[in-house]
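So the chains spell out like this:
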Amino acid sequence: MAGPLRRVGILEMAGADPLRLSLWQVFRHRLQEAGWIEGESIDFDFRWADGHEDRLANAAAELVRSNVDVLVTTGTPAADLASRATLTLPIVMATGTAPDAARANVAGVIDLPPGLSARRLALLHEAVPDAVCLAVLLDGANSSSPRAIEEAGQAARALGVVLKDYWVKGPDRFNETFAAIAKGGAGGVSLGPGAMFFARRSVLAALAADYRLPSMAGRKEYVEAGGLMSYGSPIRDNYRRAAVYVDRILRGADPADLPAEAPTEYELVINRKVAGKLGVAVSDGLLRQATFVV
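The residue numbers shown here count from 1 along each chain, following its written sequence. Totals for whole chains, interfaces and linings use every residue, but because this is a predicted model, local features are given only for residues with pLDDT of at least 70 and side-chain atom pairs only at 80 or more, for both listing and counting. Note: side-chain values were computed over all heavy atoms of the structure, leaving out hydrogens and water.

### Details of the pattern of salt bridges
Opposite charge on two side chains permits them to pair, given that their charged atoms come into close proximity.
Logical step 1: Salt bridge criterion: a side-chain nitrogen from Lys or Arg within 4 Å of a carboxyl oxygen from Asp or Glu. Considering all chains together, one arrives at 13 salt bridges under this definition.
Logical step 2: Aspartate 45 serves as the salt-bridge partner of arginine 47, at 2.5 Å between the closest nitrogen and oxygen.
Logical step 3: Note on exposure labels: buried denotes an accessible area under 20% of the residue type's maximum, exposed denotes more than 50%, and partly exposed covers the range between, all computed with a 1.4 Å probe on protein chains only. On the accessibility criterion, arginine 47 (22% relative accessible area) is partly exposed.
Logical step 4: A relative accessible area of 18% means that aspartate 45 is categorised as buried.
Logical step 5: The salt bridge involving arginine 55 is made with aspartate 50; its shortest N-O contact spans 3.2 Å.
Logical step 6: Here the salt bridges share partners, and the residues they tie into one network are Arg7, Asp45, Arg47 and Glu62.

### Observations concerning the packing of aromatic side chains
Logical step 1: Stacked, tilted and edge-to-face are the three classes assigned to paired rings of Phe, Tyr and Trp, where Trp is represented by its six-membered ring and a pair needs centres within 6.5 Å; plane angles under 30 degrees give stacked, over 60 edge-to-face, the rest tilted. Scanning the model with the defined rule gives 8 aromatic pairs in all.
Logical step 2: Look at phenylalanine 27 and phenylalanine 44: their rings are 6.0 Å apart centre to centre, the planes differ by 65 degrees, and that puts the pair in the edge-to-face class. Pair noted here: phenylalanine 27 is in helix α1 (residues 18-33) and phenylalanine 44 is in strand β2 (residues 42-48), with a separation of 17 residues, a long-range link.
Logical step 3: Judged by its relative accessible area of 0%, phenylalanine 27 is buried. Only DSSP runs of H or I covering at least 4 residues are called helices, and only runs of E covering at least 2 are called strands; the numbering of each starts at the N terminus.

### What to know about the sheet that holds strand β4 (residues 91-95)
Logical step 1: For two strands to be treated as a pair, DSSP must find no fewer than two bridges joining them. Across the sheet, 5 strands lie side by side as β2-β1-β3-β4-β5; this open sheet has parallel pairing. Of all the strands in the sheet, the pair left with one neighbour each is β2 and β5 (106-108). For this sheet the average axis-to-axis angle between neighbouring strands, irrespective of direction, equals 25 degrees.
Logical step 2: As paired strands, strand β1 (residues 6-12) and strand β3 (residues 70-74) are joined by 4 bridges and run parallel to one another. From the neighbouring strand, valine 8 faces β3, where its bridge partner is valine 70.
Logical step 3: Here, two residues are considered to be in contact whenever any of their heavy atoms come within 4.5 Å of each other. Helix axes are fitted only over the stretch in contact, all axes being lines through C-alpha atoms; the angle between N-to-C directions runs from 0 to 180 degrees. In the packing of α1 onto the sheet, the strands contacted are β1, β2 and β3, and the crossing angle to β2 comes to about 160 degrees.
Logical step 4: Docked against the sheet, helix α2 (residues 56-65) engages β1, β2 and β3, running at close to 175 degrees with respect to β1.

### Some remarks on the packing of α1 against helix α10 (residues 235-250)
Logical step 1: Packing of α1 against α10 brings their axes to within 8 Å, and their N-to-C directions diverge by 40 degrees. Taken together, α1 and α10 sit at an angle that is classed as oblique. Our pair here, α1 against α10, has a crossing hand that is right-handed. On α10, the residues that touch Leu19, Arg20, Ser22, Leu23, Trp24, Val26, Phe27, Arg30 and Leu31 of α1 are Ile235, Arg236, Tyr239, Arg240, Ala242, Ala243, Val244, Val246 and Asp247. Here the angle decides the label: under 35 degrees means roughly parallel, over 145 means roughly antiparallel, 65 to 115 means roughly perpendicular, and every other value means oblique. It is the rotation of the near helix from the far one that decides the hand of a crossing: anticlockwise by less than a right angle makes it left-handed, clockwise makes it right-handed.

So this is what it looks like as structure tokens:
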């Protein structure tokens, strides 16, 4: 593709682990299919937060100052901070939800459409129907969290169970928080939205196992890491769709004309081995709903 080298800045909430690198390879491959050749017509500038949200603000400012042509974010905190760092540079969300204040320069994929948090809690309750109390673990720095707990609270009232919310602002509080959840009598825990949680999915799965807490998460990768259940959209689709947004913007599209999109496909994933270790008898009805059983 003829023309100047275009630069894509990537504000990544997670670390450069093999899974996340493979997701960005999906993104790159989709751009290559659209005619962009890395090193010739396009280049990428990564900033990794390694699950620590306090690193995002400086990283966002650095990318804006470096004069990238478009900024791609993962996780709602990254999208929020990027939108505060610039009102003009195009921002594409690969994961997360749109900033609270509408921004004409922000487009991309919305991960938490209305009703999703309620659905996750209902599925968790279906797995542990005798539980009288359920917990939700929430990222205190994620602006999606209040909406998630509001929906989960409505679902809990409809189900007739007590819901307790537990908030963290970093991975250093996970252990004591899971201890508090178990001490509080919860029969299961639903993980709220957050790229910080995704970056520490193996740690969270191990803690859930240690405290014998059936868990519900938003991605299949949590279950593959040892969690009990997940319900959400396939994350690789987000990266493919984000690449389409970047392609269109680099070809002249205005982000304001590219509305944010919600996923169209959702998958329920259940780990039967984990269920057995936790003593959870997954019903045939729940198994029939599953997209994958691992």
